[in-house]
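# Structure at a glance
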Amino acid sequence: MKGKRLIAALLCLLTIVSVTAQQSQSSGKVTQNAKVGKISVNGFVKDESGQPMEAVVVKLLLQKDSSMVTGGVTGANGRFLLSKINAGNYKIVFSYLGYKTISKLVKFSVQDSSVSLGTFMMEPANIELKEAVVVGKVPDIVTKEDTVEYNAGSFKTQPNAVIEDLLKKLPGVEVDKDGKIKAQGKEVKKILLDGKEFFSDDPKVASKNLPANIIEKLQVIDRKSDEARFSGVDDGEDETIINLTVKKGMKKGWFGHVTGGAGTDKRYEFNGMLNRLVDETQISLLGGTNNTGNMGAGDMGASMFSGSSRRFGGGGGKGTTTSTTTGANFNMGKTDQLRFGGDIRYGYSNNDVSQKSEQQNFLKDSISYDNSEKTYNTKSHNINMNFRLHWEIDTLTVLEFMPTFGYNKSKMYNHSTSATLGGHSGEEESLRDSINSGEMLSSSDGHGYNFSGRLSLSRRFRSKQGRQMTFSFNFSSNRNEEDGMSYSRNLFYLNDSVSVVDQKDDNRNWGGSFGVRVTYVEPIFKNHFLTFAYNYNYNYSNADRMAYNIPTDGSGELQLDSLYSNRFRNVFQSHRISVGLRGTYPKFRYNVGFDMTVWRNIITVNFDAYLHRTQNLLLNVDVAPSTGFTSYVENVGSLDNKGIEARMRFNLINNIEKEVNWNVTLSMAHERDKIRKISNAMKAMNEEALKLENNTDSTSVFKMYEVGRSQNALMVVRSYGIDPATGNEIYIKRDGSLTFEYDPNDKV
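The structure presented is a predicted model; accordingly, all values stated were derived computationally and were not measured. Within every chain, residues take consecutive numbers counted from 1 along the sequence as written. Where totals are concerned, whole chains, interfaces and linings use all residues; where local detail is concerned, this predicted model gives features only for residues with pLDDT of at least 70, and gives and counts side-chain atom pairs only at 80 or more. Calculated side-chain values reflect all of the structure's heavy atoms, with hydrogen atoms and water omitted.

### Looking at the confidence of the model for the protein
As a per-residue measure, pLDDT tells how confident the predictor is, with possible values from 0 to 100. Considering every residue of the protein, the mean pLDDT works out to 76; 69% of them sit at 70 or more. Note on residues 1–35: pLDDT under 50 across the span, and 76 contacts to partners over four residues away in sequence or across chains. Low confidence marks residues 610–618, where pLDDT is under 50. Its contacts with residues over four positions away, or in another chain, come to 37 contacts. In this analysis, two residues are considered to be in contact whenever any of their non-hydrogen atoms come within 4.5 Å of each other.

### Remarks on a nonpolar patch on the surface
Taken together, the side chains of Leu 338, Trp 391, Ile 393, Leu 457 and Phe 471 define a hydrophobic patch exposed on the protein surface, amounting to about 450 Å² of accessible area. By the criteria applied, helices consist of DSSP H or I runs no shorter than four residues and strands consist of E runs no shorter than two, each listed in order from the N terminus. Of note, Trp 391 is situated in strand β21 (residues 367–392). Exposure categories follow from relative accessible area, calculated using a 1.4 Å probe and restricted to protein chains: below 20% of the type maximum is buried, above 50% is exposed, and the middle band is partly exposed. Judged by its relative accessible area of 38%, Trp 391 is partly exposed. Surface patches are drawn from residues lacking salt bridges whose relative accessible area is over 30%; two like charges belong together within 9 Å, two nonpolar side chains (Val, Leu, Ile, Met, Phe, Trp, Tyr) within 5 Å. Exposure was quantified through the Shrake-Rupley algorithm and a 1.4 Å probe, taking into account, for residues, occlusion by the shown protein chains and nothing else. The rule for a salt bridge is simple: a side-chain nitrogen of Lys or Arg has to be within 4 Å of a carboxyl oxygen of Asp or Glu.

### Some thoughts on the pattern of salt bridges
The final tally for this structure, using the stated rule, is 21 salt bridges. Across the pair Asp 343 and Arg 388 runs a salt bridge whose closest N-O atoms are separated by 3.7 Å. Note that Asp 343 is positioned in strand β20 (residues 338–362) and Arg 388 in strand β21, a separation of 45 residues in sequence. The exposure class of Asp 343 is buried, given its relative accessible area of 2%. Each of the salt bridges in this network shares a partner with another, and the network as a whole consists of Arg 479, Glu 481, Asp 483, Asp 506 and Arg 508.

### Digging into the sheet that holds strand β2 (residues 57–62)
Pairs of strands are assigned from DSSP output, requiring at least two bridges between the strands. With respect to topology, 4 strands assemble into an open sheet ordered β3-β2-β5-β6, the strand pairing being antiparallel. The two strands at the open ends of the sheet, each matched to only one other strand, are β3 (68–73) and β6 (102–108). Within this sheet the neighbouring strands show an average axis-to-axis angle of 20°, counted without direction. Relative to β3, β2 is paired through 5 bridges, and the arrangement is antiparallel. Directly across from Leu 60, in β3, lies its bridge partner Thr 70. Throughout, an axis means a line fitted to C-alpha atoms (over the contacting stretch in the case of helices), and angles, computed between N-to-C directions, take values from 0 to 180 degrees.

### Looking at the pairing of strand β17 (residues 268–278)
Successive residues of a regular strand alternate their side chains across the two faces of the sheet. Sheet topology places strand β16 (residues 252–262) next to β17; 11 bridges connect them, and they run antiparallel. Each residue of the ladder has a partner; that of Gly 253, found in β17, is Leu 277. Across 10 bridges, β17 lies against strand β18 (residues 281–290) in antiparallel orientation. In the strand pairing of β18, Met 273 is matched with Leu 286. Taking the residues that link successive antiparallel strands as the turn, the β17-β18 hairpin has 2 residues, and the phi of Asp 279 there is positive, at about 55°.

In structure tokens:
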């Protein structure tokens, strides 16, 4: 029993690190001179007989709303330690099954660094049993194979919060300043709503617009690509997505929200959303406008144009951005028959930048002055459409069609002036000498489109369960056109010279691709499948980036500038053959594959064997049942899994003059379960474990995690044997020397 308590105590210490990291900003106001999150609190818990109590749950709550700030459990000696706490008013609560819960109000000031609360005595709870009512609490976090599921109700948000606010509170999930989402270190490509795509490949639309209070659970899922899941054959393309499950009470009709506000400097923001969720039907309408820089979605046309007219620079994301977004998302039909869905979105943005700077440079015997002014404006209109058709023609045949279309129109204007003056300290501006001055002007006007899609047909065979053949055809086409001008005039007064650049830009980019993929799956025995795949891909890309000098004599005849002009023509085609063996079990999957790719006269042969176990980057940590849940997930950092990889790439007789060049490249890799990097939470847990083992009252061995070792390795202090003269055990230190003293730091 004592061992179980110690293990529970250790593992719950992980909760301290995780919870503290999320709650460090919610513990009240701190004065400017306070060291935020630097206060540590300790104490002891004993029973009615004065014996130390192990595995007592300790929670630190805010007095104002009883929200949890941090927590942990007591160690074998009854001691607890809470760290990284801000100054403020709190309530500390102690609970243990079979004992009365006790609490105490505490206050920590900015001058505190380490606070000892003394000893707390717990008394048995004498409860007269009448009838038992079992109440279940939904776990905060649950892991299921490649899925980490969060209970949304366990993470407190404001009443008007959106999904992005909820994501920022989840352990292992990050949202940067631009709204990009990462889960367990991987970028999230999509957000689904009840398993159905919500505005396709732009997760920002869901994260910045959907209200958080309609969500019951949030699932982070690592999965194969759409094509791989459809065919059952891995194509090497993985993705991380988030699935939002809506509360049952919200699936009864229309609901939505409207928010708005205005402030100083003529800033404003208004947005709204209307949703209908009934049975299998989803309809969402959204719209918004603001000048606060919040696009509310990804900018689909931000990187479409990059002509030479922009080499003088742009706004760099500064200034005032006015944007408007409208869109609609829908999913209709029955899941097991015919489903049709898609989304349409329009976005407009207008970025204005105005800058003025004055700079003094103090030299040894003089002073120089740099003055500059800049005006920049860019406007863009973009439309994006995505559609999805899933048709189960019969019980064995499925058809999918997923077309996409996008259009963008953009304008840019950039004007700047600069001047450098020389003089002496205290000298009037009119007496300063002009060194150089310049003026730069550039503009562009462009538009472009892209069109792509995938058509897939899958057929299962009635003759043998698991046998399947899939045909897939994908295509894409894009074209961008941009016209612009660039003007630059620089005057150099010291040598009385002038430099002028006056150019017209003409940029055209166009390309496309198409590919065919045929896959076949053959079951060989239970849970084991042979997979065969053939891929053919053809890609082409062309670019004409032409710059013309405008003559200064006014003749009007443009002259090609070869320095800033170029043409590109690229064609790439490949054939790929893949053979694989995969096995699927409840707790792990494996895949052994062989690939051969032929591109012109280059052949690439790949072999890989990979054993994929569930929770490969996460550690499922058990905690005391009295906390209300059984486990939580901790990211150990970076972990390698067992696997073998082989690569061969060689060229065969590719010399035009018939000279034979034999170039063979071989590579081999063998990996096993090994920790590459541990998180800060794991480092803190290791340090706390060493402290507990160094305690003279503790004789238990705690599990630790170290870079270069397996996550399942048990580190121990090596024993040399028993000294015959004294009967004491001899230990081997890390450096190989011998000692009679047991030191946890000597673990290997």
